[in-house]
Amino acid sequence: MTSTAQAPDVEHVVIIGSGPAGWTAAIYAARANLKPLVYEGRPKTNPSIVLPGGQLMLTTEVENYPGFPHGVTGPQMMADFKAQAERFGTRIVTGDIAKCDFSKRPFTLTDDEDKVIKTHAVIIATGATANWIGLKNEMRLAMAGGGVSACAVCDGALPVFRNQPLAVVGGGDTAMEEASYLTKFASTVYVIHRRNEFRASKVMQKRILDNPKAKVIWDSAVVDVLGGEKIEGVKLKNLKTQAESNLDVKGLFIAIGHTPATGFLKDTGVELDDKGYVKLVDGFRSATTVPGVFVGGDCADSIYRQAVSAAGMGCKAAIDAERWLAEQGIH
Ligand code: NAP
């Protein structure tokens with residue numbers, strides 16, 4: 001535990017996750033004197049990259065969070081959120097919650113080192129992780145450090161990618177952002193998209209469409225990744241003509257969306273939708289289907305998925321938890 005404060009027998013509230021939602025919940029809960037305990041997650045790099053701090057740890061410049069007229073880097077923003085939560089007495093554990101028993105109160109959580117924590121309330125803020133296409137050679141090369149990655153910001157600046165042709169798969173804001181970032185290092189960045197229009201916001205699209213180093217390959221899917229120890233190219237299929245072709249690239253960055261990190265909630269009574277997002281009982285509030293368990297951020301939001309909307313949801317979760325605890329006579 002980062003903090004030296006002694007743990008109570010039963011926590012008031014445990015916050016699981018440490019992105020904008022988790023830290024905002026912690027700031028509000030700490031200021032409400034709930035002495036929150038945050039499980040910030042354990043770093044993992046294989047095959048997805050999961051870091052305490054969440055997806056903003058893999059983001060360079062955040063330009064759309066109000067209050068930062070000149071932008072701020074994602075990791076700096078998360079360090080500041082964390083420092084603010086700690087300032088008000090938040091206790092932090094670097095680790096994951098592996099199991100939840102919400103069948104009786106106080107709830108029982110078990111962490112990934114088999115430590116058991118009792119708590120009156122829980123706030124889930126575990127976010128989401130990057131998706132992969134699911135090709136055999138994609139995963140093999142990703143896991144072997146062979147030039148396939150789901151995070152251009154983490155890996156794109158490596159010397160092996162300098163002045164090389166690279167490819168990004170996807171048509172959303174993440175793909176635009178990653179491709180734009182890679183143009184700083186690459187000779188050419190191919191953006192491979194399965195349709196003939198991007199899903200990304202107009203301003204982000206423009207950054208790619210106007211960039212002389214970026215070339216868009218429309219209506220195409222990556223059907224294989226070529227190369228032994230290192231990627232040498234990708235096999236493409238034009239989805240309109242079914243024609244296949246090879247494209248030489250020395251790096252492949254997958255940017256095709258995310259999956260909510262909610263696997264640990266299976267069979268706990270916290271209802272998930274068919275994509276694994278936590279269901280809200282009332283879309284305007286943060287209550288889940290288990291009274292006393294609240295949720296905030298990308299693990300419950302397949303629509304907005306912004307740092308600022310996640311922070312807002314974290315705030316709601318802490319206020320809802322505080323009120324619920326008071327209603328139960330727990331102060
Ligand atoms: P997204 O918006 O869901 O886009 C995913 C993209 O990947 C789509 O273009 C989709 O194609 C494509 N795709 C999905 N599965 C695929 C597959 N199996 N094979 C090939 N292509 C596939 O995800 P995102 O770009 O990660 O963005 C998520 C959220 O974060 C959005 O709300 C976005 O606005 C936000 N975001 C914002 C910023 C920013 O403002 N700076 C930066 C990054 C992300 P289709 O279009 O055909 O479905």
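Description of the structure in this document. All figures in this text were calculated on a predicted structure; none of them were measured in a lab.

**With respect to the overall build of the protein**
Part 1 of the argument: When helices and strands are counted, the protein shows seven helices and 19 strands.
Part 2 of the argument: Compactness check: the protein gives a C-alpha radius of gyration of 21 Å against a globular reference of 20 Å for 331 residues, within 12% of the reference.
Part 3 of the argument: With the C-alpha coordinates aligned to their principal axes, the bounding extent of the protein is approximately 65 × 40 × 35 Å.
Part 4 of the argument: Per-residue burial over the protein gives 48% buried out of 331 residues.
Part 5 of the argument: The long-range share in the protein, meaning contacts at least 24 apart out of those at least 6 apart in sequence, stands at 59%.
Part 6 of the argument: Of the roughly 15900 Å² of accessible surface on the protein, a fraction of 51% belongs to carbon and sulfur atoms.
Part 7 of the argument: Positive and negative side-chain charges of the protein, numbering 36 and 36 respectively, have mean locations separated by a distance of 2 Å.

**What to know about helix 1 (residues 20–31)**
Part 1 of the argument: In this model helix 1 runs 16 Å from its N-terminal to its C-terminal C-alpha over 12 residues, within 8% of the 16 Å that 1.5 Å per residue would give.
Part 2 of the argument: A large share of helix 1 lies buried, amounting to 10 of its 12 residues.
Part 3 of the argument: The set of residues buried in helix 1 consists of P20, A21, G22, W23, T24, A25, A26, I27, A29 and A30.
Part 4 of the argument: Check the buried side of helix 1 and you find it contacts strand 1 (10–16), strand 2 (37–39), helix 2 (74–87), strand 5 (91–93), strand 8 (116–124) and helix 7 (307–327).
Part 5 of the argument: In the segment just after helix 1, N33 is the residue with positive phi, at about 65 degrees.

**A closer look at the site of the ligand**
Part 1 of the argument: Lining the immediate surroundings of the ligand are 19 residues, of which D173, T174, R194, R195 and R199 lie closest.
Part 2 of the argument: Within the contact set of the ligand, an oxygen atom lies 3.1 Å away from a side-chain nitrogen or oxygen of N64.
Part 3 of the argument: At 3.5 Å from an oxygen atom of the ligand is found a side-chain nitrogen or oxygen belonging to R305.
Part 4 of the argument: Burial of the ligand by the protein chains amounts to 77% of its free accessible area of 920 Å².
Part 5 of the argument: Split into classes, the residues belonging to the shell around the ligand amount to four nonpolar, nine polar and six charged.

**Observations regarding the pattern of salt bridges**
Part 1 of the argument: Counted under the stated rule, the structure contains 12 salt bridges.
Part 2 of the argument: The closest approach of N and O atoms between R42 and D112, which form a salt bridge, is 2.7 Å. Separated by 70 residues along the polypeptide, R42 in the loop between strand 2 and strand 3 (61–62) and D112 in the loop between strand 7 (107–111) and strand 8 bring together distant segments of the chain.
Part 3 of the argument: Exposure remark for D112: the relative accessible area of 32% places this residue in the partly exposed category.
Part 4 of the argument: In the salt-bridge network here, residues are joined through shared partners; they are R42, D112 and E113.

**Notes on the environment of V281**
Part 1 of the argument: Relative to the helices and strands, V281 resides in the loop between strand 18 (258–260) and strand 19 (293–295).
Part 2 of the argument: By relative accessible area, V281 is classed as exposed at 56%.
Part 3 of the argument: For the pair formed by V281 and E271, sequence separation is 10 residues and the distance between their alpha carbons is 9.3 Å.
Part 4 of the argument: Among residues more than four places away in sequence, those in contact with V281 are A287, T288 and T289.

**Section: the packing of aromatic side chains**
Part 1 of the argument: On inspection of all chains with the given rule, the structure shows seven aromatic pairs.
Part 2 of the argument: With 6.0 Å between their ring centres and 75 degrees between their planes, Y65 and F81 make a pair best called edge-to-face. Separated by 16 residues along the polypeptide, Y65 in the loop between strand 3 and strand 4 (72–73) and F81 in helix 2 bring together distant segments of the chain.
Part 3 of the argument: Judged by its relative accessible area of 15%, Y65 is buried.
Part 4 of the argument: Judged by its relative accessible area of 9%, F81 is buried.

**Comments concerning the side chain of E138**
Part 1 of the argument: Turning to its location among the elements, E138 is positioned in helix 3 (residues 136–143).
Part 2 of the argument: Within the buried core, E138 has no salt-bridge partner, and the shortest N-O distance to an opposite charge, that of R140, equals 11 Å.
Part 3 of the argument: Those residues within four positions of E138 in sequence are excluded, and the remaining contacts are W132, I133, V148, V225 and I254.

**Here's the deal with the environment of L34**
Part 1 of the argument: Tracing the chain through its elements places L34 in the loop between helix 1 and strand 2.
Part 2 of the argument: Relative accessible area serves as the criterion here: at 5%, L34 is assigned to the buried category.
Part 3 of the argument: Considering only alpha carbons, one finds L34 and I256, 222 residues apart in sequence, at a separation of 38 Å.
Part 4 of the argument: Those residues in contact with L34 that sit more than four places away from it in its chain are H12, V13, A29, E322 and L325.

**Some thoughts on the nonpolar core**
Part 1 of the argument: Formed by 29 residues in total, the largest nonpolar core has its most connected members in V13, I15, W23, Y65, M77, F81 and I123.
Part 2 of the argument: If you list the elements that add at least two residues to this core, you get strand 1, helix 1, helix 2, strand 8 and helix 7.
Part 3 of the argument: Top element by residues in this core is helix 7. It accounts for seven residues.
Part 4 of the argument: Setting aside anything within four residues of it in sequence, one finds Y65 in contact with M77, F81, A307, V308 and A311.
Part 5 of the argument: Counting 23 residues, the second-largest nonpolar core is a separate cluster that includes V93, I97, C299 and A300.

Reading guide: rules and limits
- Residues numbered from 1 in each chain as written.
- Predicted model: local features only at pLDDT ≥ 70, side-chain atom pairs only at ≥ 80, totals over all residues.
- Heavy atoms only, no water.
- Helix = DSSP H or I, 4+ residues; strand = E, 2+ residues; numbered from the N terminus.
- Rg over C-alpha atoms; globule rule 2.2 N^0.38 Å.
- Buried < 20%, exposed > 50% of the residue type's maximum accessible area, 1.4 Å probe, protein only.
- Contact = heavy atoms within 4.5 Å.
- Areas by Shrake-Rupley, 256 points an atom, 1.4 Å probe, with all protein chains shown as cover.
- Lys, Arg positive; Asp, Glu negative; His and termini not counted.
- Charge placed at Lys NZ, Arg CZ, Asp CG, Glu CD.
- Expected span 1.5 Å × (residues − 1).
- Near = heavy atom within 4 Å.
- Polar contact = N/O pair within 3.5 Å; in protein donor to acceptor, adjacent residues only side chain to side chain.
- Nonpolar A, V, L, I, M, F, W, Y, C, P; charged D, E, K, R; others polar.
- Salt bridge = Lys/Arg side-chain N within 4 Å of Asp/Glu carboxyl O.
- Phe/Tyr/Trp six-rings, centres within 6.5 Å; stacked < 30°, edge-to-face > 60°.
- Core = buried A, V, L, I, M, F, W, Y, C linked by side-chain atoms within 4.5 Å.

Read these as geometric descriptors, not functional statements.
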